[in-house]
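Letter by letter, the chains look like this.
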Amino acid sequence: MEIALRRQLPALLALLLATGVAFADIRIGVIASSTGPTAVVGIPQKQTVALLPTEIGGQKVEYIVLDDASDPTNAVTNVKKLIAEQKVDALIGPTTTPAALAMLDFVAESKTPLVTTVGSSAIIQPMDDKKKWVFKTTQNDDLIAEALIEHMTAHGVKTLGFIGFNDPYGENWFKVFGAMAEKAGLKLVASERYNRTDQSVTGQALKVIAARPDAVLVAATGGPAVLPQTSLQEKGYKGRIYQTHGVATNDFIRIGGKAVEGTLMAGGPMLVAYDLPGGSPIKAIAQGYIKAYETKYGAGTMSTFGANTYDAGLLLQKAIPTALKKAKPGSVEFREALRDALEQSKEVVGAQGVFNMSAQNHNGMDQRARVMMTVKDGKWVLIKD
């Protein structure tokens, strides 16, 4: 009998595949840089997957997690594999803007909704037939830049230096921030670039210091964002140093140590969840995520980068039941319905903000998704003034 069953298995599997039963469960692909220079961002994203719901709308949810090793080429290989071999219904990730942009053609061609966790708004703006398949759980650069500029002008900053990644993240920040700063009456007196893998930015730091700016903005992410700041400190710079939400993690403080004390940043409220006022709609969700993450991975390990993945899961959790009413998982009709449902997300409260999507806005975050904070005594502290 056992031999007979073995002989029948291929036929049974073929029947399941033909009827679509094998794909009844929902499959979500996740791409994160859990190794390489951006691992400080990607690891909490990968680890957060364990906290996402395993059942939605009566369907089991399977997450397939792949590491792109901080390399956009690997991200493309992974997305092809997830789409062609794993037949995923949706994607979460990747960790870096260059990787997300490299994946865009394949996401659009396969009609697979991508809930991305990258920083740059370039992945969703300006909206077109490709970008309509992408949704974003991190604050757009202009939302963060607005808060930084408000703080700068309120504290007497007149001139600025800029050091950013020599890639789409840094360039988009320079484009967005530069225009907004000029409009606010701030003068950009120095602008420098560096690569994520560079071991030294001494030359760039010296050029910025020579311009004598009142403050410097570093437009970078993860561990590599520490390098310009330590270089500026070592060379004697005494002005204010601002960072983007690309450093919204305790690992930034762990890596930078005393050199990053006093860092000023606008970022998601989750990082200072316990300092938020009681009326904040985000506070309970953010604290819940922190408790779940640190229960599993240890005290002090939470990261806003992981929270971006958590919010991606919340958006999908809200949208999937609507899509299930129109089609079955594993079909292009389901993916199209899921894309449409994500686009109709309203007042979805996450750990990082409240999402209100529309056909032209696939981020949907407002001022509730940002706060000003600083590093004080080795931890992020909410700035209340």
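Anything mentioned here points back to the structure above.
Residues numbered from 1 in each chain as written. Predicted model: local features only at pLDDT ≥ 70, side-chain atom pairs only at ≥ 80, totals over all residues. Heavy atoms only, no water.

**Q** Please provide a residue-by-residue account of the overall build of the chain, values included.
**A** Assigned secondary structure in the chain consists of twelve helices and 15 strands. What you see for the chain is a C-alpha radius of gyration of 22 Å, in line with the 21 Å of a compact globule of 385 residues. Principal axes of the C-alpha set define a box for the chain whose edges measure 80 × 45 × 40 Å. With 385 residues in all, the chain has 55% of them scored as buried. (Helix = DSSP H or I, 4+ residues; strand = E, 2+ residues; numbered from the N terminus. Rg over C-alpha atoms; globule rule 2.2 N^0.38 Å. Buried < 20%, exposed > 50% of the residue type's maximum accessible area, 1.4 Å probe, protein only.)

**Q** Which residues make up the packing of aromatic side chains, and what are the values?
**A** Tallied over the entire structure, the rule returns eight aromatic pairs. Consider the rings of F162 and F174, whose centres lie 5.3 Å apart with planes at 65 degrees: the pair is edge-to-face. Here the residue F162 occupies a position in strand β7 (residues 159–165), and F174 occupies one in helix α6 (residues 168–183), the gap between them amounting to twelve residues. When the centroid spacing of 6.3 Å and the interplanar angle of 45 degrees are considered together, the rings of W173 and F177 count as tilted. Of this pair, W173 and F177 both sit in helix α6, four residues apart, roughly one helical turn. The buried category is assigned to W173, whose relative accessible area is 0%. Here the aromatic cluster, defined as three or more aromatic residues joined through ring pairs, consists of Y289, Y293, Y297 and Y310. R193 extends its terminal NZ or CZ atom over the ring of F174, reaching a point 4.5 Å from the ring centre. Geometry around W133 places R339 over its ring, the cationic atom sitting 5.8 Å from the centre. (Phe/Tyr/Trp six-rings, centres within 6.5 Å; stacked < 30°, edge-to-face > 60°. Lys NZ or Arg CZ within 6 Å of the ring centre and 35° of its normal.)

**Q** Any details on the sheet that holds strand β5 (residues 114–116)? Residues and values, ideally.
**A** Across the sheet, which stays open at both edges, the six strands sit in the order β2-β3-β1-β4-β5-β6 with mixed pairing between neighbours. In the strand order of this sheet, the two ends are held by β2 (55–56) and β6 (134–136), each with one partner. Alignment of strand β1 (residues 26–32) against strand β4 (residues 90–92), held across three bridges, turns out to be parallel. When the sheet's bridge partners are listed, V30 is paired in β4 with I92. Contacting β1, β4, β5 and β6, helix α4 (residues 97–110) runs over the sheet at an angle of about 170 degrees to β5. (Pairing = 2+ DSSP bridges. Contact = heavy atoms within 4.5 Å. Axes fitted to C-alpha atoms, helices over the stretch in contact; angles between N-to-C directions.)

**Q** Could you give me a rundown of the sheet that holds strand β14 (residues 371–376), with the residues and numbers involved?
**A** A sheet is described by the order of its strands in space; here seven strands give the open sequence β8-β7-β9-β10-β11-β14-β15, paired in mixed fashion. Two strands lie at the open edges of the sheet, namely β8 (187–194) and β15 (379–382), each paired on one side alone. Averaged over all adjacent pairs, the angle separating strand axes in this sheet is 25 degrees, with direction ignored. As judged from the four bridges shared by strand β9 (residues 215–219) and strand β10 (residues 240–243), these two strands associate in the parallel manner. Bridge pairing in β10 places V216 opposite I241. Strand contacts of helix α5 (residues 141–154): β7, β9, β10, β11 (264–267) and β14, with the helix running at about 145 degrees to β11, the strand carrying the most contacts. Of the strands in this sheet, β7, β8 and β9 touch α6, which is tilted by about 160 degrees from β7.

**Q** Report on the environment of T116, specifying residues and quantitative values.
**A** For T116, the location among the structural elements is in strand β5. C-alpha of T116 to C-alpha of A100: the two residues are 16 residues apart in sequence and 7.5 Å apart in space. Among residues more than four places away in sequence, those in contact with T116 are G93, P94, A100, I123, V134, F135, K136 and T137. A polar side-chain atom of T116 sits 3.5 Å from the main-chain amide nitrogen of V118. (Polar contact = N/O pair within 3.5 Å; in protein donor to acceptor, adjacent residues only side chain to side chain.)

**Q** Please set out the pairing of β9 residue by residue, giving values where relevant.
**A** Here is the key point about a regular strand: its side chains alternate between the two faces of the sheet. Burial within β9 is extensive, with five of its five residues counted as buried. Crossover connection from β9 via helix α8 (residues 226–234) to parallel β10: handedness right-handed. (Right-handed = clockwise from strand over helix to strand, strands pointing away.)

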